[in-house]
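One-letter residues, chain by chain:
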Amino acid sequence: MSFIVAIRNFILKIMYRAMRPLIFLMDPEQAHYSLKKVGVVMGSNALFRGLTGLLFDYNHSSLETKVNGIKYRNPVGLSAGFDKDGELTKIYPSLGFGLAELGSFTGEVCPGNPGKRLFRMVKSKSIVVWYGLNNFGAEKISKRLAGVDFGRLVVGINAAKSNVTPEFELQESIRDYLKTLTLFKDIGDYFTVNISCPNTQDGEPFVDKDNLEALLAAINDSIRPITNKPIYIKLAADLNIDEINIIIDGCVKFNMDGVVLTNLAKPDVNQEHIAAEYPSNLGLLPKGKGAMSGLPLQRISTDVVRHVYRRTRGSLTIIGVGGIFSAKDAYEKITSGANLLHMITTLIFDGPQNISEINRGLVKLLQEDGFSSIEEAVGSRNPLPILEIAAASDKAEAAA
Ligand SMILES: Cc1cc2nc3c(=O)[nH]c(=O)nc-3n(C[C@H](O)[C@H](O)[C@H](O)COP(=O)(O)O)c2cc1C
């Protein structure tokens, strides 16, 4: 079976390689909308879904995993930002995804940033995003998704703060998050609270300890009593170690269930892309705007996964995201401490067959290491320091 899937995926890969130059001739945002339209059509009836499944799906029992009480048929997920209005849920299972995170959804309707706002950096294997949280808003989207049966797909709802004003006001921002979370309380399986959008007018104010704790306390007061969904916090890629620790310790203190690591990388602090390709350096985007997905994020997000897994001793669920293009990349995130995975950029650079190729490769890698499940592999190449040594190094860190 795996052999047939390998041949199928190889043929699809060659076909996608042949089509890619044509897709890349299109404006990136236009290409995004066109691909989404194809996805809506393919998900619209059982025949198309069945055909898509024959071409792209893959199942294996060793990929099944349970995280915070939720069963996933595989750990490979679509990351937030591809399906900003939650329109494609019918097709994801046939494409081979175990989970899909929808959004980011915001309390208010958001048109997003003006101008050209999506760019490809082909040599850097990256997408530069300057969308600014464009979506139809939580009210409209939650009405459309209410009562929808997502079948075998696990659905995450990603809530962000509306990007409508340059002024930050703490209580108003918290209300905005709570509005979205409340409207989606009965939709989907888990929540992600996105405190790390790099493209908003008022920056990332929830990196601040007091603001973060006020938000997490409000979530516990208002959202925990109305839903028992796990709640994860999505972190930025460019935080320094102290900022990461503040957020992670806040998540533990306020009993959050996990973290999504990480969001996009900003160009000014990232050395892992080809600067000449960055749209600001080509006069296509104002300086300091936009942030990168894909390869420039790969090592950094894995480093954050490794750090958070060690600091929390595996007590928080980790969704690893950033630059996953192959089963080896996916496995590296898992063995560093990630329980689940998200991805977008590989869909664009490698094609949708890569989802099942990553899953197929994961099965092989698990077997090679003698593991019978994803759970066994989580953190297996990131051994936890014994507690006394961890305490001593924390002390030394604090003294320095
Ligand atoms: C086009 C695009 C839009 C995105 N929009 C969002 C978003 O609305 N909310 C969010 O949390 N992350 C967003 N992201 C970040 C992704 O969810 C993910 O963290 C990042 O792309 C790294 O994964 P990748 O390297 O596999 O693409 C977006 C990414 C892309 C490429």
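Worth saying up front: this structure is predicted, and the values here are computed from it rather than measured.

1. Section: the packing of helix H7 (residues 209-222) against helix H8 (residues 241-253)
No. 1: One can describe the packing of H7 onto H8 by two numbers: an axis separation of 10 Å at closest approach and a directional angle of 25 degrees. It follows that H7 is roughly parallel to H8 by the angle criterion. The crossing of H7 and H8 is right-handed. Along the contact surface, H7 presents Lys 209, Leu 212, Glu 213 and Leu 216, while H8 presents Ile 246, Ile 247, Gly 250, Cys 251 and Lys 253.
No. 2: Considering only residue class, the contact of H7 with H8 consists of five nonpolar, one polar and three charged.

2. Concerning the packing of aromatic side chains
Aromatic ring pairs are described here by two measures, namely the spacing of the ring centres and the angle between the planes.
No. 1: A full pass over the atoms with the stated rule returns six aromatic pairs.
No. 2: Aromatic pair Phe 105 and Phe 184: ring centres 4.9 Å apart, planes at 10 degrees, arrangement stacked. A residue pair is termed long-range when its members are at least 10 positions apart, and Phe 105 in strand S4 (residues 99-105) and Phe 184 in the loop between helix H6 (170-183) and strand S8 (190-194) qualify at 79 residues.
No. 3: Overall, the relative accessible area of 0% leaves Phe 105 in the buried class.

3. Points about the sheet that holds strand S11 (residues 291-292)
No. 1: If you trace the three strands from one edge of the open sheet to the other, you get S5-S6-S11, paired in antiparallel fashion. Each having just a single partner strand, strand S5 (118-121) and S11 make up the two edges of the open sheet.
No. 2: Here S5 runs beside strand S6 (residues 126-129); their pairing, made up of four bridges, is antiparallel. For Met 121, the partnering residue across the bridge sits in S6 and is Ser 126.

4. Considerations on empty space enclosed by the protein
No. 1: Going through the model one piece at a time under the given rule, you end up with two cavities of 30 Å³ or more.
No. 2: Computed from the structure, the largest cavity encloses a volume of approximately 630 Å³.
No. 3: Forming the boundary of the largest cavity are 44 residues, of which Ala 80, Gly 81, Val 129, Leu 264 and Ile 344 lie nearest the centre.
No. 4: Per element, the largest residue contribution to the lining of the largest cavity is four residues, and it comes from helix H2 (residues 28-42).
No. 5: Here the residues of the lining of the largest cavity are counted per class, giving 23 nonpolar, 18 polar and three charged.
No. 6: Within this model, the second largest cavity holds a volume of roughly 90 Å³.
No. 7: In terms of lining, the second largest cavity is formed by 14 residues, of which the most central are Lys 161, Tyr 177, Asn 194, Thr 200 and Gly 203.
No. 8: Grouping the constituent residues of the lining of the second largest cavity by class yields seven nonpolar, four polar and three charged.

5. Points about the pairing of strand S12 (residues 317-321)
No. 1: Counting buried positions along S12 gives five out of five residues, so the element sits mostly inside the fold.
No. 2: Neither face of S12 is open: one carries Thr 317, Ile 319 and Val 321, the other Ile 318 and Gly 320, and all of them are buried.

6. Observations regarding helix H10 (residues 327-336)
No. 1: The buried fraction of H10 amounts to eight of the ten residues, a majority that puts the element mostly inside the structure.
No. 2: Where H10 is concerned, the buried positions are Ala 327, Asp 329, Ala 330, Tyr 331, Lys 333, Ile 334, Thr 335 and Ser 336.
No. 3: Buried residues along H10 sit against helix H9 (295-312), S12, strand S13 (340-343), helix H12 (354-368) and helix H13 (374-377).
No. 4: Gly 337, located one to two residues past H10, shows a positive phi value of around 140 degrees.

7. Brief notes about the sheet that holds S12
No. 1: Reading around the barrel, the eight strands line up as S3-S4-S7-S8-S9-S10-S12-S13 and close back on themselves, with parallel pairing between neighbours. Each strand of the sheet is rotated relative to its neighbour by a mean of 25 degrees, with strand direction disregarded.
No. 2: As paired strands, strand S9 (residues 231-235) and strand S10 (residues 258-261) are joined by four bridges and run parallel to one another. Considered in S10, the bridge of Leu 235 is made with Leu 261.

Parameters and conventions
- Residues numbered from 1 in each chain as written.
- Predicted model: local features only at pLDDT ≥ 70, side-chain atom pairs only at ≥ 80, totals over all residues.
- Heavy atoms only, no water.
- Axes fitted to C-alpha atoms, helices over the stretch in contact; angles between N-to-C directions.
- Helix = DSSP H or I, 4+ residues; strand = E, 2+ residues; numbered from the N terminus.
- Parallel < 35°, antiparallel > 145°, perpendicular 65-115°, else oblique.
- Left-handed = near helix turned anticlockwise from the far one by under 90°.
- Contact = heavy atoms within 4.5 Å.
- Nonpolar A, V, L, I, M, F, W, Y, C, P; charged D, E, K, R; others polar.
- Phe/Tyr/Trp six-rings, centres within 6.5 Å; stacked < 30°, edge-to-face > 60°.
- Buried < 20%, exposed > 50% of the residue type's maximum accessible area, 1.4 Å probe, protein only.
- Pairing = 2+ DSSP bridges.
- 1 Å grid on protein atoms, 1.4 Å probe; cavity = no way out; pocket = protein on both sides within 12 Å on 5 of 7 lines; lining within 4 Å.
- Points joined across faces, edges and corners; volume = space filled by probe spheres on them.

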